[in-house]
Amino acid sequence: MNTALLFDFTVDKAAKTVNITREFDAELPLVWDAFTKSELLDQWLAPKPMVCKTKYQDFKVGGKRFYAMVSPEGVERWAIQEYTSISPKTNFKMYNAFADKDENPELPGSEWDHSFSEQNGTTKVYISIYNESLERLERILDGFTIGMKMSLSNLENLLATLSHK
Amino acid sequence: MRRDIFQAIADPTRRAIIALIALQAMTPNAIAENFNTTRQAVSKHLRILTECDLVKQEQQGREIYYSLEIEKMKEIDKWLSQYRKIWETRFNQLDNVLSTIKKHKK
């Protein structure tokens, strides 16, 4: 695997925005599918040992993906993504909000913007995530620890172990 | 009572207080002058910030000055780096998914 792939992660606290850029050693159509098709998203979006399961997805403007992150203990954290803009294989935007199992959203959510470009078989994805508050960002992290009863410092150790796999 | 640091920064007024006292130590009255709120409300915010160890109090003469605990603020940065790690983990998983699909296609 190409280890020289770019990964850039910045947090602009004033703009309440997280900016993420990552390159992938694959052609654009495949990377686009990995970000927009639930059967592929479910394979990578949840950091192990969490798993992701999509209840339904309708990838069109105004359509939604309703999914859960599930802990090893079976605790489910539901969320809804509503697609607000789609330019095939170029860009898509969505509004992400936590929800209960009956699809009732907990607002406010966050605004996600994904851009895709390809050069010489390497695909670059730029993601910006706008959050109303850092508190909400923290709850995202909570979503990953829910059911594991871990403090933040334990989570750090867990993630370090996972990344050595 | 010990509180979570993120509870402290969850409130916009408290974030504004943090920004104010990051520049210089201030008395509760001086802080309150910057907000369209009661002195009592500001005191409540300061109490929560104190309980989170985000601010410290220093007696100077008859006045109490509030200033920022820089080390504690660094915890927030530490937390953000954990968020970054989640994305690293995620993307490494995606790399594997992509390479698996590419192999199947060949």
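Residues numbered from 1 in each chain as written. Chains lettered and ligands numbered in written order. Predicted model: local features only at pLDDT ≥ 70, side-chain atom pairs only at ≥ 80, totals over all residues.

## Focus on the environment of A:Trp112
All names here are of chain A.
Logical step 1: Along the polypeptide, Trp-112 turns up in strand S7 (residues 105–119).
Logical step 2: In this structure, the C-alpha to C-alpha distance between Trp-112 and Val-18, residues 94 residues apart in sequence, is 9.6 Å.
Logical step 3: Look past the residues within four positions of Trp-112 in its chain and what remains in contact with it is Lys-93, Met-94, Asn-96, Ile-127 and Ile-129. (Helix = DSSP H or I, 4+ residues; strand = E, 2+ residues; numbered from the N terminus. Contact = placed C-beta atoms within 7 Å.)

## Some details on the packing of helix H2 (residues 12–23) of chain B against helix H4 (residues 39–51) of chain B
Geometry of a packed helix pair, given as the angle between the helix axes and the separation of the axes.
Residues and elements named next belong to chain B.
Logical step 1: Close contact between H2 and H4 brings their axes to 10 Å; oriented N to C, the two are set at 75 degrees. By the angle between their directions, the pair H2 and H4 is classed as roughly perpendicular. Taking contact as the criterion, the partners of Thr-13, Arg-14 and Ile-17 in H2 are, on H4, His-45, Ile-48 and Leu-49.
Logical step 2: Of the residues that constitute the contact of H2 with H4, the class distribution is three nonpolar, two polar and one charged. (Axes fitted to C-alpha atoms, helices over the stretch in contact; angles between N-to-C directions. Parallel < 35°, antiparallel > 145°, perpendicular 65-115°, else oblique. Nonpolar A, V, L, I, M, F, W, Y, C, P; charged D, E, K, R; others polar.)

## Describing helix H5 (residues 70–105) of chain B
Logical step 1: The end-to-end C-alpha distance of H5(B), which contains 36 residues, comes to 53 Å, matching closely the 52 Å that a straight helix rising 1.5 Å per residue would cover.
Logical step 2: All of the buried residues in H5(B) are B:Thr89, B:Phe91, B:Leu94 and B:Leu98. (Expected span 1.5 Å × (residues − 1). Buried ≥ 20, exposed ≤ 12 C-beta atoms within 10 Å, placed from the backbone.)

## Notes on the nonpolar core
A general feature of soluble globular proteins is that nonpolar side chains tend to end up buried together.
Logical step 1: Grouped together as the largest cluster of nonpolar side chains are 14 residues, with contacts concentrated most on B:Ala8, B:Ile21, B:Leu46, B:Leu49, B:Leu54, B:Val55 and B:Tyr66.
Logical step 2: If you list the elements that add at least two residues to this core, you get helix H1 (5–9), H2, H4 and strand S2 (63–68) of chain B.
Logical step 3: Counting residues per element, this core draws most heavily on H4(B), which supplies three residues.
Logical step 4: Those residues within four positions of B:Leu54 in sequence are excluded, and the remaining contacts are B:Ile5, B:Ala8, B:Ile18, B:Leu49, B:Glu69, B:Lys72 and B:Met73.
Logical step 5: In this structure, A:Ala26, A:Phe116, B:Leu94 and B:Leu98 belong to the second largest nonpolar core, which totals 12 residues. (Core = buried A, V, L, I, M, F, W, Y, C linked by C-beta atoms within 7 Å.)

## Comments concerning the sheet that holds strand S1 (residues 7–12) of chain A
The strands that make up a sheet are held in pairs by hydrogen bonds between backbone atoms, and each pair lies either parallel or antiparallel.
Residue and element names in this part refer to chain A.
Logical step 1: Strand order in the open sheet formed by eight strands is S1-S2-S8-S7-S6-S5-S4-S3, and the pairing between neighbours is antiparallel. Edge positions in the sheet fall to S1 and strand S3 (51–57), since each of these pairs with one other strand and no more. Here the strands of the sheet are splayed against their neighbours by 20 degrees on average, with no regard to which way each runs.
Logical step 2: For strand S6 (residues 91–99) and S7, the ladder comprises eight bridges, and the chain directions are antiparallel. Bridge pairing links Tyr-95 to Glu-111 in S7.
Logical step 3: Strand contacts of helix H1 (residues 28–36): strand S2 (17–24), S6, S7 and strand S8 (122–131), with the helix running at about 170 degrees to S7, the strand carrying the most contacts. (Pairing = 2+ DSSP bridges.)

In short, the description is geometric, and any link to function would need to be established separately.
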